[in-house]
Amino acid sequence: MPKVSVIIPTHNRAELLEKAVQSILDQTFTDFELLVCDDASTDNTPEVIKGFKDERILYTRYEANRGVIEVRNNAITKSRGEYIAFLDDDDEWLPTKLEKQVALLDGSPDKLGAVYTGSYSIDMKLGKVMIMFTPSCRGNILKDLLKGNFIKTSSIVIKKLCFEKLGLFDPEFGYAEDFDMWIRIAE
């Protein structure tokens, strides 16, 4: 059983997906499974994934578009890891991301449900960092979260136990399902 299940939902972004997947395979922490969930792409996504020769990659392709919430929820249900991490198909991770977050979660009290990181927003055409987010909220962050969502989905690693206790992402929210989940975990 892998320690971490990494979930990438994707739809028609094969050129970006390749970099996202490679950033996971380049992690210094290697005890993971990677669930690539193709939400009915019509581009060359299947060929991109076939180009990776790594047994940790589990590829699922949906014939009809289901939307990111359903795709993530299905992947969480199928995942085998103790921890769940998400990576959007247009994002990339720095090489030590999982190593650092797993170490924090492994050494944490039971009441800690998740660990998030900072992030960079980069203009790929200019090759320039446009926004740098550094986390300032630690510990019980519920009051801070109620002021607004500052957690990027691609930055968080969550104990799977949280989903087992709190349920999956709520499809009724449409676009703020992640914010709802972070609040439920913080509570």
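Residues numbered from 1 in each chain as written. Predicted model: local features only at pLDDT ≥ 70, side-chain atom pairs only at ≥ 80, totals over all residues. Heavy atoms only, no water.

Points about the packing of aromatic side chains
- Inspection of every chain in the model, using the stated rule, returns five aromatic pairs.
- With a centroid separation of 6.3 Å and 85° between ring planes, the pair formed by phenylalanine 86 and phenylalanine 163 is classed as edge-to-face. Taken together, the residues phenylalanine 86 in strand 4 (residues 83-86) and phenylalanine 163 in helix 6 (residues 160-166) connect sequence positions 77 residues apart. Across the pair, exposure class does not vary: phenylalanine 86 and phenylalanine 163 are buried alike.
- Summarising the aromatic geometry, the rings of phenylalanine 169 and tryptophan 182 are spaced 6.1 Å apart at their centres and angled 75° between planes, so their arrangement reads as edge-to-face. (Phe/Tyr/Trp six-rings, centres within 6.5 Å; stacked < 30°, edge-to-face > 60°. Helix = DSSP H or I, 4+ residues; strand = E, 2+ residues; numbered from the N terminus. Buried < 20%, exposed > 50% of the residue type's maximum accessible area, 1.4 Å probe, protein only.)

Structural notes on the pairing of strand 1 (residues 4-10)
- Extensive coverage of strand 1 is indicated by the burial of seven of its seven residues.
- Burial along strand 1 is two-sided: the face carrying Val4, Val6, Ile8 and Thr10 and the face carrying Ser5, Ile7 and Pro9 are both buried.
- Two elements, strand 1 and strand 2 (residues 32-39), share seven bridges in a ladder whose sense is parallel. Within strand 2, the residue paired with isoleucine 7 across the bridge is leucine 35.
- Here strand 1 runs beside strand 4; their pairing, made up of four bridges, is parallel. Looking at strand 4, one finds that valine 4 is bridged to tyrosine 83. (Pairing = 2+ DSSP bridges.)

Let's talk about a nonpolar patch on the surface
- A contiguous nonpolar surface patch, about 650 Å² in accessible area, is contributed by Leu94, Tyr120, Ile122, Met124, Val129 and Met132.
- Only strand 6 (119-123) and strand 7 (128-133) provide two or more residues apiece to the nonpolar patch.
- Relative to the assigned elements, methionine 132 resides in strand 7.
- For methionine 132, a relative accessible area of 56% gives the class exposed. (Patch = residues over 30% accessible without salt bridge, like charges linked within 9 Å, V, L, I, M, F, W, Y side chains within 5 Å. Areas by Shrake-Rupley, 256 points an atom, 1.4 Å probe, with all protein chains shown as cover. Salt bridge = Lys/Arg side-chain N within 4 Å of Asp/Glu carboxyl O.)

As for the side chain of threonine 10
- Along the polypeptide, threonine 10 turns up in strand 1.
- Excluding its chain neighbours within four sequence positions, the residues that come into contact with threonine 10 are Leu17, Val36, Cys37, Asp38, Asp39, Ser41, Thr45 and Asp89. (Contact = heavy atoms within 4.5 Å.)

Side note on unusual backbone geometry
- Look at asparagine 12: it is not a glycine, yet its phi comes out positive at around 55°.
- By secondary structure assignment, the location of asparagine 12 is in the loop between strand 1 and helix 1 (14-25).
- You can call asparagine 12 partly exposed: its relative accessible area is 30%.
- Residue alanine 40 is not a glycine yet carries a positive backbone phi of 65°.

Topic: the pairing of strand 3 (residues 57-62)
- Where strand 2 meets strand 3, six bridges bridge the pair, whose relative direction is parallel. Following the sheet pairing, cysteine 37 is matched in strand 3 by threonine 60.
- The β-α-β motif built from strand 2, the intervening helix 2 (residues 45-50) and the parallel element strand 3 has right-handed crossover chirality. (Right-handed = clockwise from strand over helix to strand, strands pointing away.)

A word on the pattern of salt bridges
- In total, this model carries 12 salt bridges according to the counting rule given.
- Arginine 66 is paired through a salt bridge with glutamate 70; the nearest N and O atoms lie 3.2 Å apart.
- Overall, glutamate 70 belongs to the partly exposed group, its relative accessible area being 36%.
- The partner of arginine 72 in a salt bridge is aspartate 88, and the shortest N-O contact between them spans 2.7 Å. Here aspartate 88 lies in the loop between strand 4 and helix 4 (97-106) and arginine 72 lies in helix 3 (residues 68-78), a separation of 16 residues in the sequence.
- The class for arginine 72 is buried, based on a relative accessible area of 6%.
- Taking relative accessible area as the criterion, aspartate 88 reaches 23% and is therefore assigned partly exposed.
- When salt bridges that share partners are traced, they join Lys3, Glu82 and Asp106 into one network.

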